[in-house]
Every structure is written in C-alpha cells, then in structure tokens.
Amino acid sequence: MTKRLLLAAALTAATALTSPAFAQTVLRLDEVAVGELDPAKASDYADSILMFNVYDTLVLPRQGEPGYDPHLAASWEVDGATYTFTLRDDVTFQSGNPLRAADVVYSLERMQEIGQGLSHLFTGVSAEAVDAQTVRFTLDEPYAPFVASLVRLPIVDQALVEEHATEGDPWAESYLSGNAAGSGAYTVTSHNPQEVTVMAVNEDYFLPINDAAPDQVRLRYSLEAATVRTLIAQGEHDIASQWLPPEVIRALAEDGAQLFTESGTGAFYVKMNTQRPPLDDVNCRLALSNAFDYGTALQMVAITDEVSSGSAPTGAIPVGMYGSNPADMVLERDLDAAREYLEACPYDPADFNLEISWIAEVPLEERFALLMQANFAELGISSSIETLPWALFTERVASPENTPHISQIFVNAVTGDPDTLLYGMYHSSTPGTWQSPEYLADDQVDAALEAGRRGPGEEDREAAYSALNDRLMDLAPTIYGYDRQSVFAASNRVSAPALSDPDMAFGVDGMGFSFRLMEMTE
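Remember, predicted model here, so these are calculated numbers, not experimental data.

Engineer: Is there a simple way to explain the overall build of the protein in this structure?
Structural biologist: A tally of regular secondary structure across the protein gives 16 helices and 18 strands. The C-alpha radius of gyration of the protein comes to 24 Å, within 12% of the 24 Å expected for a compact globule of 522 residues. Summarising its shape, the C-alpha atoms of the protein cover approximately 80 × 55 × 45 Å along the three principal directions. Relative to its 522 residues, the protein shows a buried fraction of 56%. A separation of at least 24 residues holds for 73% of the contacts in the protein among residues at least 6 apart in sequence. If you average the places of the 28 positive and of the 78 negative side-chain charges in the protein, the two averages end up 4 Å apart.

See the structure below:
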C-alpha cells in the first residue's frame, strides 16, 4: 500500500482517529501576484504554475529533449493543416465527469471567445468532435508550432463550467476566477489571487503521482524578500520565487539552501515605447541601446561563481533558438556610437525626461532602473524612476499614452517555441499587453513573424527568425539586457528533479513545478 492509502485507512479507522499514523506533507512556495486561475486568461509565471498542476493539456514537452509526447491525447495524426487527436479513455475531471472530445472543442472556443491570455496562439483554428474520443483541429493556414501551442490549451470540464454559466457570464468567468474545472494532479481548495492559493493532491489522477509528492501545496503571492529569507531559515518555507535579489539567493545558498534552476527560453527586456516622444525616433532608441551597460547588468544577476540568472545577450533572440546569433557575438556598451545616434536624433537631449518604470514585486528591477538612469545621464539625458505594482503596470500599458517610456519585463517562450516568445511582443496585431509595451508596428517585422509561423521546415523558420533578429536590432524597440535562467532557493526538505536534473527538465517555464513529480521529506 502507498503512504496515501495507508493514511486514508488510518483516518477511517476508529482506533486511529485521535492519532493519525501519517502527517500531511505541505509544500510552501511563493510567486508574484496576481495568480490567475482561469486557464483561458493564464499567461504569467504564477498562472503557469497553477495551470500545469490543476489542468491538463493534450500534449506535454518531452523531458530532457526536444519534442512533445501525448498526455490527454493517446496519439495524433497530421494531414496538412488538419490535426486529429485520439483521447485517452481513462481520464476523469476532478468533478468525476469523463473527458470527452467535446470538452476539448469547448476549451478552445471558450479561450477564443474570452480573447485574453494566450488566445492569440489559436487564431484561425477551429475544432470539431468527430466522436466521443476523437477531436479534429483545422487551421486556416499552416502553423508550424501548432502542436507546441497545445501546451497552452488547458482542457476544462464543459459540463461543470456550463453549470455555473449565466446569461451575463456565459463562459462562467466569475466561477473559474476562484474555482477549478480541470483534471490535473492537484485540486484547488481555496484561492485568493493576491495572497495564497491552496491545493491538495488529486487521488484519482490518471497518471502515477510520486508517493512522496506533497499532499498539500500553499502558493503565496508577493512576499517580501526579507520575509522569504526568514521563513526559509526557520524551516517554514520551501521554494522562493525567482525574483529575489541575487545577494539574498546567494546568502540562502551559503546558509545551506539548494539552488534549483529552470533554463529559460527567454530574456530580460527593457521595452521602449515607440509611440511616445522622444522614443518614437529610431536614433533616440539606438542611442539608449548603445549606452546600456550590458556587462554590469550581467554582474548584477550573478548568484555564485557557477550559477547566474543570466548569460550575455547576442541580439533580439536568445541564444539557441531559431534566428539567434552565435554565443560569442555578445552585445557590448558603446558610448561613442550612442553619442553618434543621439546627434542624429531630432529631439534635444536637454528636453528629455524619460520615465523609467520597474515592477514593485521584482526589487532587482529597481537596480536596473538606477543603472539606466546613470547610463543615460552620461549622454546628458535626464530621467525619473517610477515604481509600479504588477497589476497597475498591466493597466497602464493598455494604451500607448499611459505606457512609460521604459518598462522592464522578463518574457519567455511559453511553449518553448520562439513564436510564443516573439509574436506576442512584436506583431502589430498584439500591442497593449504586458509583453508588448513598445507598440511596435513594422511591416517587415510582421512578415518575418508570419513566415516563422508558416515554416514549414527548420531551414525556413531559421531564415525567417534570422531576418526578424536583424530587423529588430535595426529598429531597436527594445534593449536586450540578457538571456535568462530562473534560479530558485529551496529548502532541503524538497526534491524537484525537473528543476535540478537537465535530463528531467521540460523546457517550458513553470512546468518544472509539476508537484506530482516532487518529493517531500520531514
């Protein structure tokens, strides 16, 4: 018998009610608010952790290597722009309802109609239930990374959602903002998107759950760095978010904490509002890009001699992805070039007063704001620094006139494919989100992004993204600070192979926090 079956037996035996044989294991971790529970709206890191544990998708990334394996799907076939999936027949939702092809169709249509989160991945996609266990997707035009995109189509329980829908809320958004309708390995027992989400293991999950996986998970939001450090030191916290200042992570490691890592498919981006003077001029933007001190930025994210949150950038696309420059073509500060570009800028630098924003929940960004302020001052450019809580930042960037001159963002390829890193940031159809505060509109950029989507082969996609990289470097809508890796300080009572063993890594940010694969010790 497993530990959990023994625990269940103990709790139902009258002789054991006063002294259970086993105590529940609890995993405690934190992330930046807001924790978006509705899977149709999920896009951020905290959202991803919730989604990958509470919901399931048709496919999963292979661990330790490229490609995708069946998950809710048993298999699939591809015929041009048509993808036909056969579903497993042993999956039930947490409600007890069986998984059907109709649930997959409903999940796609719900995401498309709500139009938030990562819904842009499924533009021009339709689905039909061929029978109870077969679903067919038809694409309006070829989309090379379609299978990869399905990592971001969590399947919801249609019957349960419709039970809570109303005339004014046809997709039950109110219900799913605080409740789950998934089939995942963990159920939601309570949810406050600003404070904490509590999850419990789903004993009826269709795949094995590590016998030592946590029985309960408490995901807290926006804890202060000092609080996290104290809690871990006292044995009251298990995994700190990646947003701790490097010296705090270093101090925790020196005190005996483990360092987990999740190799990024993204970067640290300094976004420039191309619709707001003086940054509506390319020469002004190129002046700032060349004035940025890339070397100091990398020093600021070093944790130990062996572990860092970043590596040197080579261009607009992280090293190793389609279209990236070689690792030895690192970007470097060039003040002479910066001054030349500033000479060509039609605005008087003496009139500049750039608004540099940083996210309140990510204290490291304040240091980058101060670094930029000092860098730009060397060109005679003045600036002011503004702190924005994440929720306010996402509101501000909804319109170009309210978007700061300069925003700092960490963005990742949410499916592991460059399309999901770059399309949402730079295509002219996707402005006004936290990923796209540049408000860039350029025909050549759009064409390259669309060619990258079409493919079909690796050579075609490499050529498209290489052209995109070159064009973005010419336009300079963004300062590419560094290619990134997430680093988490963790207590020694938790083991997370997907965050510590490259052969077990998923290659998609947030999926390393699949709680069913973790182990807890007391």
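Engineer: It is not clear to me how the sheet that holds strand E7 (residues 134-139) should be interpreted in this structure. Could you clarify?
Structural biologist: Each strand in a sheet pairs with another by means of backbone hydrogen bonds, the pair being arranged parallel or else antiparallel. The four strands lie next to each other as E4-E5-E7-E6, forming an open sheet whose pairing is antiparallel. One side of each edge strand has no neighbouring strand; the edge strands of this open sheet are strand E4 (73-79) and strand E6 (125-131). Looking at each pair of strands side by side, their axes are set apart by 20° on average, direction ignored. Where strand E5 (residues 82-87) and E7 come together, five bridges link them in antiparallel fashion. Note that in E7 the partner of Thr82 across the bridge is Thr138. Helix H3 (residues 101-114) rests against E5, E6 and E7 of the sheet, and its axis sits at about 165° to E6.

Engineer: Where do I start with the pattern of salt bridges in this structure?
Structural biologist: Opposite charge on two side chains allows them to pair when their charged atoms are near. The tally for this structure, following the rule as stated, stands at 19 salt bridges. Here Asp90 ties to Arg88 by a salt bridge, and the two come within 2.8 Å at their closest N and O atoms. Classification of Asp90 as partly exposed rests on a relative accessible area of 40%. Take Arg88: its relative accessible area is 23%, and that puts it in the partly exposed class. Two residues, Glu378 and Arg333, come together in a salt bridge whose shortest N-O distance is 2.9 Å. Here Glu378 is found in the loop between helix H12 (364-377) and strand E14 (382-388), whereas its partner Arg333 is found in the loop between strand E12 (310-311) and helix H11 (335-344), with 45 residues between them in sequence. Exposure remark for Arg333: the relative accessible area of 26% places this residue in the partly exposed category. Because the salt bridges share partners, they merge into one network encompassing Arg276, Glu355, Glu386 and Arg396.

Engineer: Just checking my understanding: could you explain a negative patch on the surface for this structure?
Structural biologist: On the surface, Glu332, Asp334, Glu340 and Glu343 cluster together into a negatively charged patch. Considering the arrangement of structural elements, one finds Glu340 in helix H11.

Engineer: Just checking my understanding: could you explain the pairing of strand E16 (residues 478-490) for this structure?
Structural biologist: Each regular strand shows side chains that alternate between the opposite faces of the sheet. Summarising burial for E16: twelve of the 13 residues are buried, a large majority. Taken together, the two bridges between E12 and E16 define a ladder with antiparallel strand orientation. Considered in E16, the bridge of Gly310 is made with Arg484.

Engineer: Sorry if this is basic, but what is going on with the side chain of Glu262 here?
Structural biologist: Counting through the fold element by element, Glu262 comes out in strand E11 (residues 258-272). With no salt bridge to any partner, buried Glu262 finds its closest opposite charge in Arg484, at an N-O distance of 7.0 Å. A polar side-chain atom of Glu262 sits 2.4 Å from a polar atom in the side chain of Tyr45. Within the structure, Glu262 has its side chain in polar contact with the backbone nitrogen of Gly512 (distance 3.1 Å). Among residues more than four places away in sequence, those in contact with Glu262 are Tyr45, Gln485, Ser486, Phe488, Leu499, Val508, Asp509, Gly510, Met511 and Gly512.

Engineer: Explain the sheet that holds strand E8 (residues 186-192) to me, please; I cannot follow it from the model alone.
Structural biologist: If you walk across this open sheet you meet the four strands as E1-E10-E9-E8, and the pairing is mixed. Each having just a single partner strand, strand E1 (26-31) and E8 make up the two edges of the open sheet. Here the average twist between neighbouring strands, direction ignored, is 20°. As defined by bridge partners, E8 adjoins strand E9 (residues 196-201) across six bridges and the pair is classed as antiparallel. Looking at E9, one finds that His191 is bridged to Thr197.

Parameters at a glance
Residues numbered from 1 in each chain as written. Predicted model: local features only at pLDDT ≥ 70, side-chain atom pairs only at ≥ 80, totals over all residues. Heavy atoms only, no water. Helix = DSSP H or I, 4+ residues; strand = E, 2+ residues; numbered from the N terminus. Rg over C-alpha atoms; globule rule 2.2 N^0.38 Å. Buried < 20%, exposed > 50% of the residue type's maximum accessible area, 1.4 Å probe, protein only. Contact = heavy atoms within 4.5 Å. Lys, Arg positive; Asp, Glu negative; His and termini not counted. Charge placed at Lys NZ, Arg CZ, Asp CG, Glu CD. Pairing = 2+ DSSP bridges. Axes fitted to C-alpha atoms, helices over the stretch in contact; angles between N-to-C directions. Salt bridge = Lys/Arg side-chain N within 4 Å of Asp/Glu carboxyl O. Patch = residues over 30% accessible without salt bridge, like charges linked within 9 Å, V, L, I, M, F, W, Y side chains within 5 Å. Areas by Shrake-Rupley, 256 points an atom, 1.4 Å probe, with all protein chains shown as cover. Polar contact = N/O pair within 3.5 Å; in protein donor to acceptor, adjacent residues only side chain to side chain.

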